[in-house]
Amino acid sequence: MRIADLTRFTLNSLLAERQRSALTMLAIAIGIAAVVLLTGLGSGLQRYLVSQFTQFGTHLIAITPGKANTTGFSISAIDTQRPLTLPDAQSLLDIPGIEAMTPVVSGQLSAEFAGKSRRTLAFGIGPQAPTVWGMPLARGQFLPADDLIAPRPVVLLGNTLARSLFDNVNPLGEKMRIGGMSFRVIGVLEAKGQMLGFDIDDAAYIPAALSLQLFNREGLMEIDVLYNENETSSSVVKRLSRRMIERHGAEDFTVQSQDQMLASLGKILDVLTFAVGALGGIALLTGGVGILTLMSIAVAERRGEIGLLTALGAPPNFVLQLFLGEAVILGALGGLLGVGIGLAGLGLLHLAIPALPFAPRMDYLLIAEALALLIGLVAGVWPAMKAARLDPIEALREE
Amino acid sequence: MIELSHLGRRYLLGDSEVNALDDINLSIAAGEYVSLMGPSGSGKSTLLNMLGLLDRPTTGVYRLENRDTQNLDELERARLRRERIGFVFQSFHLLPRLSAFDNVALPLMLAGISAGERQSKVQQALAAVGLMDRAQHRPNQLSGGQRQRVAIARATVMHPALLLADEPTGNLDSRSGAEVIELLETLNASGITLIVVTHDPNMGSRARRRIVLRDGRVTEDVYQDAAK
Ligand SMILES: Nc1ncnc2c1ncn2[C@@H]1O[C@H](COP(=O)(O)OP(=O)(O)OP(=O)(O)O)[C@@H](O)[C@H]1O
Ligand SMILES: [Mg+2]
């Protein structure tokens, strides 16, 4: 039989049972839609996180207290670990390849001015923080290059905080209280937007030493280092580690470069995306069972047709191909339908949450469609074999 | 055209054996009109299926158009069924989802004949059974007699040499049954070898040759004057 005729004949028999075929296709479609949707969500999340983590620049290395395990997340071994101190941070600056450094401490504090009070994010940083993180200044100046250990009480305000606390007053030079301590405002930062959902413009930036006092902390949360772009991250990481081990006598800290972090983040999200896709795959299995059931019923109902085709001289493999073809077409069309539903779902999600760049991944779309085809094929094999094995005389016997 | 010698077909049912066909020796020439009669279970359908290459004998030899069918592989047998043999069944076996036209076109499609070429052949076949105006009707929109005529058009659209009909009027009233028989006889008159299984003695006596089976054996094989 010619391909065009065979296709028409196959579609025709599917159309003859359109309700049943549609339901079966739907079962596959739901599975495929789940795969497309979930993997789209996963990869959207991944892109979002990567963009969030790279908005401060890419030649960054973070030192955190505690030794990291292999996954890149630190497990605090509190008793043996020495805190990261400001002198530790200071000592890093003379390492070759290091451009700038800032200690990091953060937490919630109340900010007060002229009787107004507001709980805000407070970052304890060093004078080089703007260089490390690329924070543009709107007005005023950055933290002065003071003594790290005994800095003057001055503060940089994030854009949102400045506006909400000072209204129309020019904050520059004003005195305000943060966590009960008096600070002089020396600069206002440009609006930068959100970071992982936090409004980083609604924040106050004060010298790290003072933030340690206010938060009553012994050690820094992190030291961020900007390295020369001509250096490789691994060589700088090595130098930083050596210096820190010299100072602490043991490796009770973790040095992680941005690219390492992105890589391990990417790995985790890949696994997540895959796992979530596999979940959709289970839904696909249901669709496969649907095809198997439908085709088995079809074979039983169409015994006469099977016998007739043999009597009319259909070649030996024809019946097998016919039923296998129907199953594959069911799978393929169900897959296409599912891809459509999945993409539509992603589109709707994108409308609902514009901040997250939900993106379908072409490779997952193709894999999903191939999977649908394969499921059709596998689910069709058994019924098709049953049809092909039918004795034509038996099949033609009048009831 | 057909030569059967010592042909047997045995079924095994558990421990017991059933000789559906038992030592059949027959020779049927091209263009003959044969009625195959006998009580229920005597082996008529089994013989017809054997002649139509749907079944293989357990013993003996079946020569069709001077070829021993024993040595044919499935592909060859399928080709012979497609090109040399037409089947007509008691229950028509039309595909309900296809129009009369498409049902008749089915053997041509299986033979890989192009849609353009099919058009005229199907029209001819439908015209020969007087159903040109019903080409686009589905089987369920046709009467029993019309359905059987569509089935005959399908059986003859490839211009086979042999037409096998198993109780073709079994599901029809006497009037449309007679029409169907006349149609088959017309086809026979134009040269096709016709073998009809029937229970109806009237119909059986119309054929020029009557073969009667009993318990898988030929008990009667007579040439008769076509009673009109
Ligand atoms: N698949 C089978 N398995 C076992 N026995 C069978 C099988 N097919 C046919 N037979 C037996 O072979 C014998 C002949 O059957 P066949 O169908 O040829 O009879 P028939 O003459 O066509 O009868 P009817 O007039 O009722 O159609 C019967 O005894 C039947 O029981
Ligand atoms: Mg019979």
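Residues numbered from 1 in each chain as written. Chains lettered and ligands numbered in written order. Predicted model: local features only at pLDDT ≥ 70, side-chain atom pairs only at ≥ 80, totals over all residues. Heavy atoms only, no water.

## Digging into the domain arrangement of chain A
How we decide: Domain delimitation follows an automatic or database domain assignment.
Its domain assignment divides chain A into domain 1 (3-52 + 265-398) and domain 2 (103-223). For domain 1 of chain A and domain 2 of chain A, the distance between their C-alpha centres works out to 57 Å.

## Details of the interface of chain A and chain B
Quick note on the threshold: Any pair of residues with heavy atoms lying within 4.5 Å of one another is described as a contacting pair. The quantity reported as buried area is the accessible area (1.4 Å probe) lost by two parts once they are put together, taken as the sum for both. What counts as a salt bridge is simple: a side-chain nitrogen of Lys or Arg found within 4 Å of a carboxyl oxygen of Asp or Glu. Nitrogen and oxygen atoms within 3.5 Å of one another constitute a polar contact, given that in protein one can donate a hydrogen and the other can accept it, and given that sequence-neighbouring residues count only through two side-chain atoms. Only DSSP runs of H or I covering at least 4 residues are called helices, and only runs of E covering at least 2 are called strands; the numbering of each starts at the N terminus. Classification used: nonpolar for Ala, Val, Leu, Ile, Met, Phe, Trp, Tyr, Cys and Pro, charged for Asp, Glu, Lys and Arg, polar for all others including Gly.
Contacts between chain A and chain B engage 25 residues on the former and 26 residues on the latter. For the chain A and chain B pair, buried surface summed over both sides reaches about 2400 Å², with 63% attributable to carbon and sulfur atoms. For the pair chain A and chain B, the interface holds two salt bridges. Note that Arg 118 of chain B and Asp 5 of chain A form a salt bridge whose closest N and O atoms lie 2.6 Å from each other. Counting across the chain A and chain B interface gives six residue pairs in polar contact (both at pLDDT 80 or more). When residues of the side of chain A that touches chain B are traced back to their parent elements, those giving at least two are helix H1 (3-16), helix H9 (303-311) and helix H12 (392-396) of chain A. Residues that form the side of chain A that touches chain B fall into these classes: 14 nonpolar, five polar and six charged.

## Looking at the packing of H1 of chain A against helix H3 (residues 100-110) of chain B
For clarity, the cut-off: Only the stretch in contact is used when a helix axis is fitted, and all axes are lines through C-alpha atoms; the angle between N-to-C directions ranges over 0 to 180 degrees. Geometric relationships in this document are graded by angle, where less than 35 degrees denotes roughly parallel, more than 145 denotes roughly antiparallel, 65 to 115 denotes roughly perpendicular, and other angles denote oblique. In a left-handed crossing the near helix is turned counterclockwise from the far helix by less than a right angle, and in a right-handed crossing that turn is clockwise.
Where H1 of chain A contacts H3 of chain B, the axes come no closer than 12 Å and their chain directions differ by 140 degrees. Our classification of the angle between H1 of chain A and H3 of chain B gives oblique. The handedness of the crossing between H1 of chain A and H3 of chain B is left-handed. Contacts between H1 of chain A and H3 of chain B involve Asp 5, Arg 8 and Phe 9 of chain A on the former and, on the latter, Asp 102, Leu 106 and Met 109 of chain B. Of the residues contributing to the contact of H1 of chain A with H3 of chain B, the split by class is three nonpolar, no polar and three charged.

## Some points on the sheet that holds strand E9 (residues 209-214) of chain B
Residues and elements named next belong to chain B. Inclusion rule: A strand pair is defined by DSSP finding two or more bridges across the two strands.
With mixed pairing, six strands are arranged side by side in an open sheet as E6-E7-E8-E3-E9-E10. The open sheet has two free edges, formed respectively by strand E6 (85-88) and strand E10 (217-223), since each of these has just one partner strand. Going across the sheet, the axis of each strand differs from the next one's by a mean of 15 degrees, ignoring polarity. Inspection of the sheet shows E6 paired to strand E7 (residues 162-166) by four bridges, in the parallel sense. Across the sheet, residue Val 88 finds its bridge partner in E7, namely Ala 165. Helix H1 (residues 44-51) contacts strand E3 (33-37), E6, E7, strand E8 (193-197) and E9 of the sheet and is inclined by roughly 155 degrees relative to E7. Where helix H6 (residues 174-189) meets the sheet, it contacts E3, E7 and E8, and its direction lies at approximately 155 degrees from that of E8.

## A closer look at the site of ligand 1
Test applied: Each residue is tested against the molecule or strand, and it is near if at least one of its non-hydrogen atoms lies within 4 Å.
Taken together, 16 residues are adjacent to ligand 1, and Ser 40, Gly 41, Lys 44, Ser 45 and Thr 46 of chain B come closest. Chains contributing residues near ligand 1 are chains A and B. At 2.8 Å from an oxygen atom of ligand 1 is found a main-chain nitrogen or oxygen belonging to Gly 41 of chain B. Gly 43 of chain B is positioned such that a nitrogen or oxygen atom in its backbone is 3.0 Å from an oxygen atom of ligand 1.

## Quick look at the sheet that holds strand E2 (residues 16-28) of chain B
Residues and elements named next belong to chain B. Spatial ordering of the open sheet is given by E2-E1-E4-E5, a layout of four strands whose pairing is antiparallel. The open sheet has two edge strands, E2 and strand E5 (67-68), and neither has a second partner. As paired strands, strand E1 (residues 2-13) and E2 are joined by nine bridges and run antiparallel to one another. Bridge pairing links Leu 13 to Ser 16 in E2. Of the strands in this sheet, E1, E2 and strand E4 (59-64) are in contact with H1, which crosses E1 at around 120 degrees.

## Concerning the pairing of strand E4 (residues 98-113) of chain A
Residue and element names in this part refer to chain A. Our working definition: The rule is simple: take the accessible area with a 1.4 Å probe, protein chains only, and divide by the maximum for that residue type; under 20% is buried, over 50% is exposed, in between is partly exposed.
Of all the 16 residues making up E4, twelve are buried; the element is thus mostly covered by neighbouring parts of the structure. Of the strand pairs in this sheet, E4 and strand E13 (residues 222-227) are connected by six bridges, and their pairing is antiparallel. Bridged to Met 101 within E13 is Val 225. Bridging between E4 and strand E5 (residues 116-125) involves nine bridges; their strand directions are antiparallel. Looking across to E5, one finds that Ser 106 is bridged to Phe 123. The hairpin formed by E4 and E5 contains two residues between the paired strands, and Ala 114 there has a positive phi angle of roughly 50 degrees. Pairing of E4 with strand E8 (residues 175-178) involves two bridges; the strand directions are antiparallel. Bridge pairing in E8 links Glu 112 to Arg 177.

## A few points about the layout of surface pockets
Condition: For each structure, a 1 Å grid was placed over the protein atoms alone; sets of points admitting a 1.4 Å probe that cannot get out are labelled cavities, open sets with protein on both sides within 12 Å along at least five of seven lines are labelled pockets, and lining residues have an atom within 4 Å of a point. Grid points are joined across faces, edges and corners, and a volume is the space filled by probe spheres set on the points.
Its volume calculated, the second largest pocket comes out at about 670 Å³. Lining the second largest pocket are 31 residues; nearest its centre among them are Arg 397 of chain A together with Ser 45, Thr 46, Asn 49 and Asp 166 of chain B. Elements represented by at least two residues in the lining of the second largest pocket include exactly H12 of chain A together with E1, E2, H1, E6 and E7 of chain B. With five residues, the top contributor of residues to the lining of the second largest pocket is H1 of chain B. The class makeup of the residues in the lining of the second largest pocket is ten nonpolar, eleven polar and ten charged.

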